[in-house]
Structures are given as C-alpha cells and as structure tokens.
Amino acid sequence: MYSHCALTGVCLSDDQTQKVNNDQQKPGEMRSALQNKMYWQIVLTMFVLLDLLQMAAAHCMVHQIPPRNFTLPSVLLNETFLSPFSAGVVESWSGLRRASETKPSLLMNEESFLCCLWSDNNIDCSLYRASMQARKFIPSEIIISASQEIDSNWNMECWIRGKLDLLVCRLRFLKLYLRADLKVNLLYAISELSLGDVSTSSLKGTVMVAECDCSEYDKCECCVPSLRLNYTYIMWLKMTIGVTPLWSPLMSAKPIDIVKPEPPLNLHLEMTEKGQMRICWSDPVLMPYPLQYEVKISANSDQNGWQMVQVALETSLAIDNTLLDSSYVVQVRCRNRHGPGFWSDWSTPYNLNLGAEVLYFPPKILTSVGSNVSFHCIYKNKTKIVVSKKIAWWLNLAEEIPESQYTLVNDRVSKVTLFNLKATKPRGNFFYNALYCCHQNRECHHRYAELYVVDVNINITCETDGYLTKMTCRWSANPNTLLPGSSLQLRYYRSRIYCSDFPSTSPKSEVKECHLQKNHSYECIYQPIFLLSGYTMWIEFKHLLGTLESSPTCVVPADVVKPLPPSNVKAEITRNVGLLNVSWTNPIFTKDDLKFQIRYAVNREEITWELYEVSNAPRSAVIKVHKLCVEYVVQVRCRELDGSGYWSNWSRSAYTLVKDIKAPLQGPEFWRIITEDPTRRQKNVTLLWKPLMKNHSLCSVSRYVIKHQTSGNTTWSEYVDNGTTCSFPWTEPTHTITVLAMNSIGVSSINFNLTLSQQMSTVNVVQSLSAYPVNSTCVILIWTLSPQIYVITSFIIEWKNLNKEEEMKWVRVPPNISKYYIYDHFILIEKYQFSLYPVFAEGVGKSRATDQFTKGGYENENNASLYVVLPIVISTSVLLLGALLVSHQRMKKLFWEDVPNPKNCSWAQGVNFQKRMDIL
C-alpha cells in the first residue's frame with residue numbers, strides 16, 4: 001500500500017519504509033543511499049515538469065466511464081469578454097472557485113469544452129474551441145479527494161439500457177443546492193476510432209446535445225438515443241444556473257463496455273433423464289456477446305433470509321432436489337462474460353415448489369382470440385393423488401388463474417375455464433401458452449398443457465376498378481403469428497342483391513383463389529362482377545389441431561369503386577397575375593358530383609408536394625403560388641363527393657412552362673473598370689454587371705439597355721443582347737450611366753445609376769483600410785473614414801490575386817458599415833490587393849487600397865492564452881523545485897541527529913564517517 005505522494009515525488013511502500021527503519025543500524029550506508037535517492041528525485045522532477053509542459057500544450061485528459069458510479073468535478077468559468085477578433089482565444093485557469101465568489105460567465109458554443117490535466121490532488125483546465133490546434137486525448141481516471149474545494153461534485157453512473165438503444169447517465173449533486181432555473185445538458189461527439197486515436201479535430205461540427213431531466217430534487221437524468229455500440233463517445237456536461245455555466249472535464253465511453261442487460265426471462269424447472277432438477281431461463285434479447293450469470297437461491301423473499309449465490313455460464317443450473325421440499329426462491333442476473341459491464345437487475349423471483357406427476361385433458365387446444373376454453377387435470381404427488389380442491393392453475397408460470405374460474409368435477413379432477421383469450425405471442429420456437437396444474441402450495445410439475453390462441457380477426461378490403469368490370473380484394477396475416485403447418489384460404493358466397501344486416505358463414509361457400517404478394521398480403525380478383533350483389537367472405541384457418549374462421553364481411557361492388565384518374569391535365573402560370581391555373585377532364589363512368597385533390601410542387605429531384613382540395617369544381621382551379629419563375633409539376637385525383645369508394649390514382653403529371661410574367665422588377669447592379677489609353681489621350685470605361693436573379697427578372701432578361709448622359713446634356717442608349725459587359729470612352733468631365741433590364745413584357749422600373757466625375761475622383765474620404773485573414777475562405781475588411789461633406793450612397797469593394805491572372809471581383813456594400821466579411825477562396829501565402837471606393841450621388845471618390853494582410857489581429861490573440869499559461873507553469877515548477885531542496889536539507893539534518901556517537905558504540909569505532917560524507 002503506497003503512501004500519499006506529490007505529483008513528482010517518489011513513493012515508498014510500507015515494506016520499504018520498514019526496511020529503512022531496520023537499516024538505521026548501518027548509518028553510513030543509509031546516508032549514502034538517501035543522498036543518492038534525493039539526487040535522482042530532483043532529476044526526475046525536472047523530467048516530469050518538462051513532460052507536463054509538453055502535455056499541457058498538446059493533450060487533454062479524458063475520464064473513461066467505468067461500469068460503476070463515480071464522482072466528477074465541475075468547474076465554474078470566469079467572465080471573459082469575447083471581441084469579434086477573439087474567436088480563437090483560450091480562457092484558462094488553474095484551481096477551482098466557489099460559485100458565490102465569481103460573476104456569471106458567458107454561455108459558450110456547444111463546440112467548446114474543457115481541456116483538463118489532473119493529478120491526485122490538482123486539476124488544471126482551459127476552454128478549448130474548435131478553431132484551435134488539434135490535441136490528443138489521454139485516458140486517465142479522476143480521483144476526487146475529500147479535501148479538494150470545488151464548485152460542485154457530481155456523483156454519476158452511466159449505463160446502456162438492456163435494449164441497447166439508450167445511454168442513460170444519472171447525476172446526483174453532492175454539494176450544490178438546485179434552483180428552479182437549473183439546466184443541465186450532456187454534450188457528446190461520436191467517433192469510430194478508439195480513444196487513443198481520437199483528437200479534438202474529430203469533434204469539429206459533430207457535437208450533439210442531449211437535454212437532461214432534472215425534475216427530481218437532487219438528481220438529473222440524461223439520455224442519448226440511437227447508439228453505436230462499438231464507437232467511442234466523447235462527452236462532457238454543462239450545467240447552467242441562470243446565466244452561470246458549470247462545465248465538467250471530458251469523459252469517454254464505449255457503449256459496449258457499459259451495457260446493463262435486461263434480467264433473464266422465463267425462469268422454469270426442467271427434469272433430466274436421471275431425475276436431476278435444473279433451473280432454466282432465457283437470455284435477454286439483443287445481446288451481442290455471451291453472458292455469465294449469477295443464480296441466487298434464498299430461503300424466502302426477505303433480503304435478510306438465508307441466501308446462496310452460484311455462478312453459471314449456461315442458461316441453466318443444476319440444483320439440489322432437496323430444495324424442492326421447501327419454499328425457496330430463485331433469481332438470476334447476467335452480465336458480459338468476457339468484458340466489462342454492469343450486472344442486470346435480478347429477475348422476477350421464481351418459487352421452487354414442485355410436485356410429481358400430472359395429466360392433462362386435452363393436452364393441446366387450438367382456439368381463436370376472444371373465445372373461452374376449458375382444461376381438466378389430475379395431479380399426483382409421488383404416489384398420492386392430490387385432492388382437486390388443493391389444485392391451482394397457472395398460465396406460463398407467471399399468472400395464477402383466479403379460483404373463481406375453477407370447477408371441481410370430482411375429488412380427483414379439477415377443471416379450469418379461461419375467458420376472452422388473447423392471441424399467443426410466439427417465444428422463439430414456441431407458439432403456445434403453457435397451462436400448469438399445480439398444488440395450491442405452489443408446487444408445480446414441469447409438464448403443461450399447450451394453449452394455441454390465433455388471431456383470425458383478419459380485415460378484408462375490396463375495390464372495384466374504374467371501368468366497373470372487376471373487383472379486387474386484399475387481406476393480410478402476420479406470418480409471425482401463424483403456426484407451423486397451418487394454411488389460410490378465403491371462402492365466399494354471393495347474394496342476389498345487397499348485403500344482409502348480419503353476415504354469416506354458409507356451408508355452400510366456395511374457395512376463392514388468392515395470390516401471395518411481396519408484402520405478405522394476398523390478392524383475390526372477382527371478374528365478372530355483379531355491381532349490386534352482396535359478396536360475403538371470410539378467412540378459414542386450417543391446422544392439424546382444428547379449423548378456425550374469421551368474422552364474415554359483406555361487400556357490394558358498387559360501393560367500393562376506385563375511379564379512373566382525371567385526364568388532359570394542364571397547368572400554367574398566368575401572365576401579369578402570377579397564379580397557377582390547373583384544368584382537367586373528368587374520368588368516364590363517374591357521377592358529376594366529385595371532389596378533387598390537386599398536388600403541386602417545384603419540379604426538382606426531391607419533390608415536396610403541397611395539397612389543394614376543391615369540390616364540385618368546373619374542371620379547373622386557380623392556386624396562389626410564391627415562386628413564379630420555376631417549373632411546377634401538377635397531378636390531380638378524384639373520388640365520390642359522398643365519401644363512398646376510394647380516391648383514384650393520381651393523374652399523369654402536367655408541367656408549367658417558365659415564361660415572362662412581368663417586366664423585371666429592377667435593373668442589375670453594376671461597376672466600372674477605368675483604363676488609360678495614352679495613344680488617344682483618353683480613358684476607357686468597361687461596365688460590369690451581375691445577371692439578374694429570376695425573382696427580379698420575372699422570369700428572364702432578353703437584353704440590357706445602357707443609358708448614357710454627359711455633362712453637356714447629351715444622351716444616348718446602347719443595347720447588349722448577350723453578355724454582362726459594355727465599354728465606351730470617357731471624354732466628358734461628368735458621365736452618368738444607367739443599366740436597365742428588358743424582357744418580353746417591358747423594361748425594369750427600378751435601376752442603379754453610376755456617375756463618373758473627374759472632380760469627385762479626387763475626393764479622399766477613406767482614411768485607412770485593413771485586411772484580416774480569418775481562414776482560406778474568409779477575409780475581414782475594416783476601414784475608417786475622415787469627415788466629409790458629401791453623402792456616401794454605397795461602397796464598392798474590389799479584390800484580386802496579384803500572383804495569378806484572375807479577373808477582378810467586386811461587391812457593393814451599404815454605406816453605414818465599416819467592416820465587411822469577404823467570402824471567397826483565398827490562398828493566404830499569395831498576394832492579394834483589396835480596394836475600397838466610396839460612391840457618392842455626384843460620382844465615385846478616390847479609392848484606398850492595400851496589398852497585404854494586416855499582421856496581429858487574430859494571430860496575436862490566438863496566442864494570448866499561451867503567454868498566460870507558460871508563466872503559471874514555470875512558477876509552479878520553481879516552487880516545487882524549491883520545496884524539494886528544502887525537504888532534502890531537512891531530511892539530511894534529521895538523519896545525522898539520529899546517528900550514534902562512535903565513542904559510545906563499539907561497532908562504530910574505527911569507522912571513518914568523514915570519508916562517507918565525502919562520498920555522499
């Protein structure tokens with residue numbers, strides 16, 4: 001048994017300590033040995049501290065959930081201000097504080113968790129975010145000492161429910177008094193790798209949250225559904241009291257290792273050929289591995305009574321026959337045979353009361369659901385017959401039949417009647433209920449009568465086709481409830497007109513040929529048919545034990561017509577109004593009183609239908625839709641207005657044509673590129689614009705119209721049929737351009753204007769411009785403005801890669817912002833140029849450009865936490881080293897005080913202690 005040691009100390013066992021005491025008789029040797037040991041303690045301390053620094057930067061400890069309850073600490077985070085540039089900052093702390101001494105902290109993102117390192121008496125944690133450098137996970141068990149001060153301790157127990165579909169974690173709070181505003185969440189991520197191969201990078205974007213039920217005073221229960229048994233679950237807890245969050249360190253579990261099976265089932269007694277009695281049971285379902293069992297035999301159900309527990313590897317255990325003479329109770333529980341896991345709960349107690357011989361009449365009965373049956377039995381105890389008034393009846397050895405259902409035929413024969421029977425549920429290869437005749441003191445023999453109860457309440461549905469020429473009837477039976485060797489067939493007879501009020505079977509019936517379908521249903525076709533005749537039909541169940549019949553049903557073909565679907569379905573979006581107009585032709589052989597359902601959807605791979613219903617419609621309907629410039633697919637179906645019969649199948653699909661509904665709502669946004677032409681001493685302008693979206697063009701653009709107006713009041717227009725660019729020379733001091741969109745209906749009414757002014761191009765209002773790279777897909781542009789007298793209507797941002805021949809990209813942004821996120825594919829090691837243009841009503845101002853990313857910003861803030869952690873770790877290392885040196889000197893002094901004076905000890909005379917000191 002080792003004594004308590006510091007993180008870097010050397011532990012001595014009790015035997016080693018005793019050896020040191022015994023060796024005090026040899027002080028010189030002991031002094032040398034201890035000095036050598038102290039030297040190696042210092043060296044070992046330095047190595048451990050270096051490993052700790054490396055571990056703190058690249059690892060996170062994970063508590064592996066054991067198959068038992070355990071104690072887990074929670075940590076209260078300090079309040080931290082998070083600026084827009086601090087997405088990668090690590091909030092770090094050392095030590096734990098009480099909730100009453102700390103201000104409420106910000107609620108963190110679900111992808112954040114505590115990255116902790118701990119020892120026997122210390123725990124250091126930092127908040128890890130998904131944007132940080134990946135860290136490896138180290139499995140390590142947390143041991144909470146009673147002396148540690150923490151915000152709250154959670155006593156936890158996690159297990160997999162026996163059905164293997166739910167992970168349950170139950171929390172009990174040891175110190176924290178819960179309040180009404182308490183909220184607990186269990187956050188978790190799943191990996192198919194083992195814990196040793198999982199890192200924090202595997203948790204990015206895959207974190208899920210399970211809410212915990214804290215309805216009880218001091219307990220919460222968290223449930224995780226849809227388990228993958230052989231995957232690794234990384235979990236952590238977050239508890240919020242008001243706005244104050246408490247976090248737990250990381251935990252991990254492999255569901256297959258913490259399964260708590262369901263208790264074993266179907267305990268019963270069996271007898272071997274040699275007369276040996278065995279207690280037998282069935283495994284719980286869905287177990288993916290072999291089980292081991294514990295069988296508890298107790299003198300009575302009282303927990304304080306005599307008990308005996310035996311271990312079994314099979315689903316049976318031989319028991320002593322003498323146990324059957326008294327009232328002993330047997331219970332069984334199970335767990336994983338080869339790996340970790342929980343024991344299941346004890347099974348339902350089973351009483352070992354057993355008699356001798358028993359005879360049943362009849363030994364087997366076949367009956368239908370809802371019927372009544374009777375059994376007779378004679379019971380013998382060894383050679384003595386038990387009187388009938390002392391006989392009790394049991395069903396499946398689990399349900400005792402009330403005495404009110406017993407009948408004493410004579411002093412030997414007992415009769416029991418079972419009423420309103422339910423269908424027998426198959427149990428493996430058993431398709432019957434076992435009826436036991438027992439002694440009234442609950443002594444039962446292993447022989448039983450077999451009761452087969454079959455559900456023959458089979459529903460038969462029929463429909464007549466739209467041409468009124470045939471009737472198809474369908475019915476199905478659950479194949480799992482059918483007995484081996486049984487058969488089903490449909491019988492029927494036809495009456496001249498309609499159906500009787502109370503249909504019944506008839507010996508003059510006929511068998512109708514039916515065909516088994518892929519979905520285990522049967523299909524029978526009547527052709528020709530009599531529309532107004534009544535067809536009475538039922539299902540006949542045949543077995544070696546007897547024949548059963550379902551309740552008869554009567555069908556009139558005229559009442560179950562399924563019409564043909566509507567034809568000639570057409571659909572279009574109306575011009576100027578924008579409504580979906582649907583028309584169709586009613587099917588033949590139907591009445592005029594019909595109701596219709598119209599389903600429509602945008603035509604794409606995954607169709608999401610919307611439904612519109614109309615009655616007595618004049619073969620058309622108008623539906624309001626939200627999207628006008630898309631292709632719609634439309635189908636129609638119908639049925640009788642009075643509700644008889646069935647809905648028809650859906651008609652063939654009709655599709656709308658995408659065409660212009662209205663003139664474009666607005667013209668395109670556009671920008672210009674100005675190039676100098678030194679040969680002609682003029683500037684050339686190239687206009688660039690973005691194609692209109694369909695919701696603005698309604699629904700297409702045939703051409704673009706570019707309107708020009710110069711300072712000399714000269715105006716003209718140009719047309720661009722294909723393309724999104726236009727070039728012209730800039731010769732006047734002021735030149736205003738407007739780009740309009742045109743389709744077959746007209747031109748856009750709302751358009752963008754851009755004025756080119758030589759005077760305004762010198763107006764400098766952008767004071768600074770900085771570009772901060774966030775990642776390879778996002779760059780933040782930030783700018784400041786100087787006071788100006790002009791009103792800015794918008795900004796234009798340009799950017800391009802200077803290392804490649806790429807086209808310039810641009811975007812228009814509102815005038816009231818000073819920061820913009822540019823989303824594109826950036827190669828951060830290459831050079832980019834970003835330009836910002838202020839746009840005024842009078843013209844475009846002077847731009848501000850930058851061709852490099854601003855240093856600092858996000859990069860410096862990401863490393864800020866490292867400068868906080870390293871001084872703390874270094875200071876701790878220095879303090880530990882100083883403590884070891886002081887303890888070394890104290891031990892040396894105490895040791896030499898106990899060394900005896902050589903003048904007073906004969907054995908010490910002649911020993912040169914100074915030489916030993918030199919060696920040390």
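Draft legend 1. Layout of the overall build of the protein chain. For the protein chain, the count of helices and strands is six helices and 61 strands. Across the 920 residues of the protein chain, 42% fall into the buried class. In the protein chain, the proportion of contacts linking residues at least 24 apart, taken out of those at least 6 apart, comes to 66%.

Draft legend 2. Representation of a nonpolar patch on the surface within the structure. On the surface, Ile497, Tyr498, Leu531 and Leu532 cluster together into a nonpolar patch covering about 370 Å² of accessible area. Within the secondary structure layout, leucine 532 lies in the loop between strand E37 (521–526) and strand E38 (534–543). On the basis of relative accessibility, which here comes to 43%, the residue leucine 532 falls in the partly exposed class.

Draft legend 3. Summary view of the state of the cysteines. Per the counting criterion, the structure on display carries 11 disulfides. With a sulfur-sulfur separation of 2.1 Å, cysteine 158 is cross-linked through a disulfide to cysteine 169. Its torsion about the S-S bond being 115 degrees, the disulfide of cysteine 158 and cysteine 169 is classed as right-handed. Note that cysteine 158 is positioned in strand E7 (residues 152–160) and cysteine 169 in strand E8 (residues 166–173), a separation of 11 residues in sequence. Under the relative-accessibility criterion, cysteine 169 is labelled buried at 1%. Disulfide partner of cysteine 514: cysteine 524, at an S-S distance of 1.9 Å. With the S-S dihedral at roughly 100 degrees, the linkage between cysteine 514 and cysteine 524 falls on the right-handed side. With cysteine 514 in the loop between strand E35 (510–512) and strand E36 (515–516) and cysteine 524 in strand E37, this pair connects stretches of sequence that are 10 residues apart. Accessibility assignment for this pair places cysteine 514 and cysteine 524 in one class, buried.

Draft legend 4. How the structure looks around the layout of surface pockets. Estimated volume of the second largest pocket: approximately 1,100 Å³. Lining of the second largest pocket is provided by 31 residues; of these, Asn266, Leu267, His268, Asn396 and Leu397 occupy positions nearest its centre. Elements with a minimum of two residues in the lining of the second largest pocket: strand E15 (265–271), strand E16 (277–282), strand E21 (350–351) and strand E30 (433–439). In terms of residue count, E15 provides more of the lining of the second largest pocket than any other element does, six residues in total. Counted by class, the lining of the second largest pocket contains 18 nonpolar, 10 polar and three charged residues.

Draft legend 5. Structural view of the nonpolar core. By size, the foremost hydrophobic cluster in this structure holds 109 residues, and its most contacted members are Met156, Leu171, Leu237 and Trp393. Counting residues per element, this core draws most heavily on strand E12 (residues 232–241), which supplies seven residues. Filtering out sequence-adjacent residues up to four positions away, methionine 156 remains in contact with Arg68, Asn69, Phe70, Leu72, Cys169, Arg170, Leu171, Leu237 and Met251. Grouped together as the second largest cluster of nonpolar side chains are 28 residues, Phe431, Tyr432, Ile460 and Met471 included.

Draft legend 6. Main features of the sheet that holds strand E55 (residues 766–775). Strand order in the open sheet formed by three strands is E55-E56-E59, with antiparallel pairing between adjacent strands. Taken across any chain shown, the strands that pair with only one partner, and hence form the sheet edges, are E55 and strand E59 (819–823). Taken pair by pair, the neighbouring strands of this sheet meet at an average axis angle of 20 degrees, ignoring direction.

Draft legend 7. Inspection of the sheet that holds strand E57 (residues 792–801) at higher detail. In space, the four strands of this open sheet follow the order E58-E57-E60-E61, with antiparallel pairing throughout. Lying at the two open borders of the sheet, with one neighbouring strand each, are strand E58 (809–813) and strand E61 (848–850). Each strand of the sheet is rotated relative to its neighbour by a mean of 15 degrees, with strand direction disregarded. Bridge count between strand E60 (residues 832–840) and E61: three bridges; the pairing is antiparallel. Note on E61: the bridge partner recorded for phenylalanine 834 is threonine 850.

Draft legend 8. A look at the packing of aromatic side chains. Per the counting criterion, the structure on display carries 24 aromatic pairs. With 5.4 Å between their ring centres and 55 degrees between their planes, tyrosine 436 and tyrosine 448 make a pair best called tilted. Of this pair, tyrosine 436 sits in strand E30 while tyrosine 448 sits in the loop between E30 and strand E31 (449–454); the two residues are 12 residues apart in sequence, bridging distant segments of the chain. Taking relative accessible area as the criterion, tyrosine 436 reaches 7% and is therefore assigned buried. One aromatic cluster in this structure is built from Phe430, Tyr432, Tyr436, Tyr448 and Tyr452. A cation over an aromatic ring shows up here: lysine 296 above the ring of tryptophan 346, its NZ or CZ 4.4 Å from the ring centre. Above the plane of the ring of tryptophan 810 lies lysine 690, whose end atom (NZ or CZ) is 4.7 Å from the centre.

Draft legend 9. Inspection of the pattern of salt bridges at higher detail. This structure, assessed with the given rule, holds 12 salt bridges. Between arginine 474 and glutamate 523 there is a salt bridge, and its shortest N-O distance comes to 3.1 Å. Highlighted residues: arginine 474 in strand E33 (residues 471–476) and glutamate 523 in strand E37, separated in sequence by 49 residues. Arginine 474 gets classed as partly exposed once you look at its relative accessible area, which sits at 32%. Here aspartate 824 ties to lysine 809 by a salt bridge, and the two come within 2.9 Å at their closest N and O atoms. In this pair, aspartate 824 is assigned in the loop between E59 and E60 and lysine 809 in strand E58, connecting sequence segments 15 residues apart. Linked by salt bridges that have partners in common, Glu463, Arg474 and Glu523 make up one network.

Draft legend 10. Quick peek at the side chain of glutamate 294. Within the secondary structure layout, glutamate 294 lies in strand E17 (residues 291–298). Among the polar contacts made by the side chain of glutamate 294, one reaches the side chain of arginine 333 at a distance of 2.8 Å.

Draft legend 11. Layout of the confidence of the model for the protein chain. Confidence in the prediction for the protein chain averages 79 pLDDT; 78% of positions are at 70 or higher. Averaged pLDDT values for the elements of the protein chain fall to 33 in strand E3 (residues 92–94) and rise to 96 in strand E47 (residues 654–655). Segment residues 79–110: pLDDT under 50, and 86 contacts once partners within four positions in sequence are set aside and those in other chains are kept. Confidence over residues 271–275 falls short of pLDDT 50; this stretch has five contacts with residues more than four positions distant or in other chains.

The rules behind each value
Each residue is numbered by its place in its chain's sequence as written, counting from 1. In view of the model being predicted, local features appear only for residues whose pLDDT reaches at least 70, and side-chain atom pairs are presented and counted only at 80 or more, with totals across whole chains, interfaces and linings using the full set of residues. Side-chain figures throughout are based on the complete set of non-hydrogen atoms in the structure, without hydrogens or water. Comment: elements are numbered from the N terminus, with helices defined as DSSP H or I runs of at least four residues and strands as E runs of at least two. When accessible area is computed with a 1.4 Å probe and restricted to protein chains, residues below 20% of their type maximum are described as buried, those above 50% as exposed, and intermediate ones as partly exposed. Only heavy atoms matter for contacts: two residues are in contact if any of them lie within 4.5 Å across the pair. By definition, no residue in a patch forms a salt bridge, and every one has over 30% relative accessible area; like charges are joined within 9 Å, nonpolar side chains (Val, Leu, Ile, Met, Phe, Trp, Tyr) within 5 Å. Surface accessibility in these figures is a Shrake-Rupley result with a 1.4 Å probe; residues are shielded only by whichever protein chains are displayed. Criterion for a salt bridge: a side-chain nitrogen of Lys or Arg within 4 Å of a carboxyl oxygen of Asp or Glu. Two cysteine sulfur atoms form a disulfide, by the criterion used here, when they sit within 2.5 Å. A pocket here means an open set of points on a 1 Å grid, computed over the protein atoms alone, that has protein on both sides within 12 Å along at least five of seven lines. A cavity is instead a set of points where a 1.4 Å probe fits but cannot get out; residues with an atom within 4 Å of a point line either one. Grid points are joined across faces, edges and corners, and a volume is the space filled by probe spheres set on the points. Amino acids are sorted into nonpolar (Ala, Val, Leu, Ile, Met, Phe, Trp, Tyr, Cys and Pro), charged (Asp, Glu, Lys and Arg) and polar (every other residue, Gly among them). Throughout this description, the term nonpolar core refers to a set of buried Ala, Val, Leu, Ile, Met, Phe, Trp, Tyr and Cys residues connected via side-chain atoms within 4.5 Å. Only when DSSP finds a minimum of two bridges between them are two strands counted as paired. Between N-to-C directions, angles cover 0 to 180 degrees, with each direction set by a line fitted to C-alpha atoms, over the stretch in contact for helices. Pairing of aromatic rings covers Phe, Tyr and Trp, the last counted by its six-membered ring, and requires centre-to-centre distances within 6.5 Å; plane angles under 30 degrees mean stacked, over 60 mean edge-to-face, and any other angle means tilted. Ring-over charges, as used throughout, are those where CZ of Arg or NZ of Lys falls within 6 Å of the ring centre and within 35 degrees of the ring normal. For this analysis, a polar contact is any N or O atom pair within 3.5 Å, provided that within protein one partner can donate a hydrogen and the other can accept it, and provided that sequence-adjacent residues contribute only side-chain to side-chain pairs. Residue-level confidence of the predictor is summarised by pLDDT, bounded by 0 at the bottom and 100 at the top.

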